[in-house]
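The primary structure of each chain is shown beneath.
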Amino acid sequence: MFGSSAAVSPDGSMVAVTWGLGATVLDTRTREVISQVTLPAGEGTPRPAST
Amino acid sequence: MRSAGCRSGAFTADGRRVLLLLASFDPAARGFSSRWQLVSVDPDRPRADDTGIGGTHAVPVHELAATVSDDAVGAVLWGFDAGAPATRIDLTDGSQAALAVPARTVESLGFLALPAGAAQLWADGTVTLYDRDGEAVQTLDAHQAPVRDLALSPDGTWAVTVGDGGAVVLWDVDAPTGRWSQRELLTGHRGDVVMAEIDPAGRQLVTASLDDTVIAWDMTGDAGFGALYPPTGSAGSPASRSSSGRDCWSRRRGRRAARGSIRRPRRTTRSAWRPRSSTPNRRAGRRDRAGRHGAR
């Protein structure tokens, strides 16, 4: 149903990958997840999520 | 069908936040239009904040696509159905401008948000450029097959369009007028080119093709740039070099391509260049719809 997109930070240290119900920010050096934001299904209001 | 979700995103210029463009069902319009909203995320906390920028768009949410420009100052909303409205949004203040899309019988492959407006890619190889007010200001016709992607250099002085038939077209952009003029055709890919990216310094262009190659083009012309790609520790000389001094490296299926496995980049005139095929690639078409140029 959803596609995704990716954006790289200006200094190249992070990449943000959007997906259907949120976005995940990754460290491009370690490839670890820095943070993740998830949206409630069916709504447009974002909510913070755990790292 | 309620298919709310994140459509696109980009980092702010200082790299400290990510702007996300969200879409949701519009109950007031009983689904005939969508609500959209811009939120800001701090990667370090994490925390999502409403920017107060949002609105509605007259496309059902399950057909709504959107892209945010690389510098996070503009976005475009549109619908996949022919004739669906398209709107450019200034993300600094939320102002909107309807794009004056020309009436054409050709399939539109999607839009890209640019700092100074927007671009529309067409299946016949045409690219339509729009200004901030949504007016169509220029039509580019260098491609003779579907155009799949477009990238603008960070300083706004040059750009590249890529598409089917291995086409990689460089453009000069006149800063005062915003007019694009064709500079050069880069040859190297054997298959349809589906993605182009430019590094933040504007020194390197990377293009990806369905022939399983990625080519990094040295856009500076000086000899010292090639150390960036392939990665440190790999062999150091370029796979080929253009007559204009432009070096390139190629990767095929994760391995560095052997010398001579790609055609030598060269300066080519428009009249001498022909795409290998004018048939739209089905794989690329699906990818455009679901990925690069906006997600459903």
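Everything in this summary refers to the structure shown in the same document.

**Quick word on the overall build of chain B**
- Counting secondary structure elements, chain B contains 1 helix and 22 strands.
- Here chain B, with 296 residues, has 46% of them falling under the buried criterion.
- Of all intrachain contacts in chain B linking residues separated by at least 6 positions in sequence, the fraction that spans at least 24 positions is 46%.

**Observations concerning the sheet that holds strand β6 (residues 74-79) of chain B**
All names here are of chain B.
- The strand order across the open sheet formed by 4 strands is β5-β6-β7-β8, and the pairing between neighbours is antiparallel. The open sheet terminates on both sides in strands that have one partner only, identified here as β5 (64-68) and β8 (96-98). Averaged over all neighbouring strand pairs, the angle between strand axes comes to 20 degrees, with direction disregarded.
- By the bridge criterion, 5 bridges tie β5 to β6 in an arrangement that is antiparallel. What sits directly across from L64, in β6, is G79.

**With respect to the pairing of strand β4 (residues 47-57) of chain B**
Residues and elements named next belong to chain B.
- Where strand β3 (residues 34-42) lies against β4, 8 bridges are found, and the strand directions are antiparallel. Looking at the pairing, S34 lines up with H57 of β4.
- As consecutive antiparallel partners, β3 and β4 are separated by 4 residues.

**Some details on the sheet that holds strand β12 (residues 136-140) of chain B**
Residues and elements named next belong to chain B.
- Taken in spatial order, the 4 strands line up as β9-β10-β11-β12 in an open sheet, and their pairing is antiparallel. What marks the edges here is a single partner per strand, and that holds for β9 (108-114) and β12. Across the sheet, the mean angle from the axis of one strand to that of its neighbour is 20 degrees, orientation sign disregarded.
- As defined by bridge partners, strand β10 (residues 117-122) adjoins strand β11 (residues 127-130) across 4 bridges and the pair is classed as antiparallel.

**Quick look at the pairing of β12 of chain B**
All names here are of chain B.
- The pairing of β11 with β12 spans 4 bridges and is antiparallel. Residue Y130 lies in a different strand from β12, and its bridge partner there is A136.
- Hairpin connection from β11 to β12: 5 residues lie between these consecutive antiparallel strands, with G134 at a positive phi of about 90 degrees.

**Notes on the nonpolar core**
- L20, A75, V76, L77, A118, A119 and V160 of chain B are the most contacted members of the largest nonpolar core, which has 77 residues in total.
- For this core, the element with the highest residue contribution is strand β2 (residues 18-25) of chain B, accounting for 7 residues.
- Not counting chain neighbours up to four residues away, the residues in contact with L20 of chain B comprise T18 and A23 of chain A together with C6, G9, V39 and V41 of chain B.

Quick notes on the rules
Throughout this description, residue numbers start from 1 for each chain and increase along the sequence as written. Throughout, the order in which chains and ligands are written sets their labels, letters from A for the former and numbers from 1 for the latter. Given that this is a predicted model, residues contribute local features only at a pLDDT of at least 70 and side-chain atom pairs are listed and counted only at 80 or more, while totals for whole chains, interfaces and linings are drawn from all residues. Numbering of helices and strands runs from the N terminus, with a helix taken as a DSSP run of H or I at least four residues long and a strand as a DSSP run of E at least two residues long. Buried means a residue has 20 or more other C-beta atoms within 10 Å of its own C-beta, exposed means 12 or fewer, and partly exposed covers the counts in between; C-beta atoms are placed from the backbone. Here contacts are defined at the residue level, using C-beta atoms placed from the backbone and a cut-off of 7 Å between them. Two strands qualify as a pair provided DSSP detects at least 2 bridges between them. Fitting a line to C-alpha atoms yields each axis, with helices limited to the stretch in contact; the angle taken between N-to-C directions then spans 0 to 180 degrees. Among buried residues, those of type Ala, Val, Leu, Ile, Met, Phe, Trp, Tyr and Cys that are joined through C-beta atoms within 7 Å form a set called a nonpolar core.

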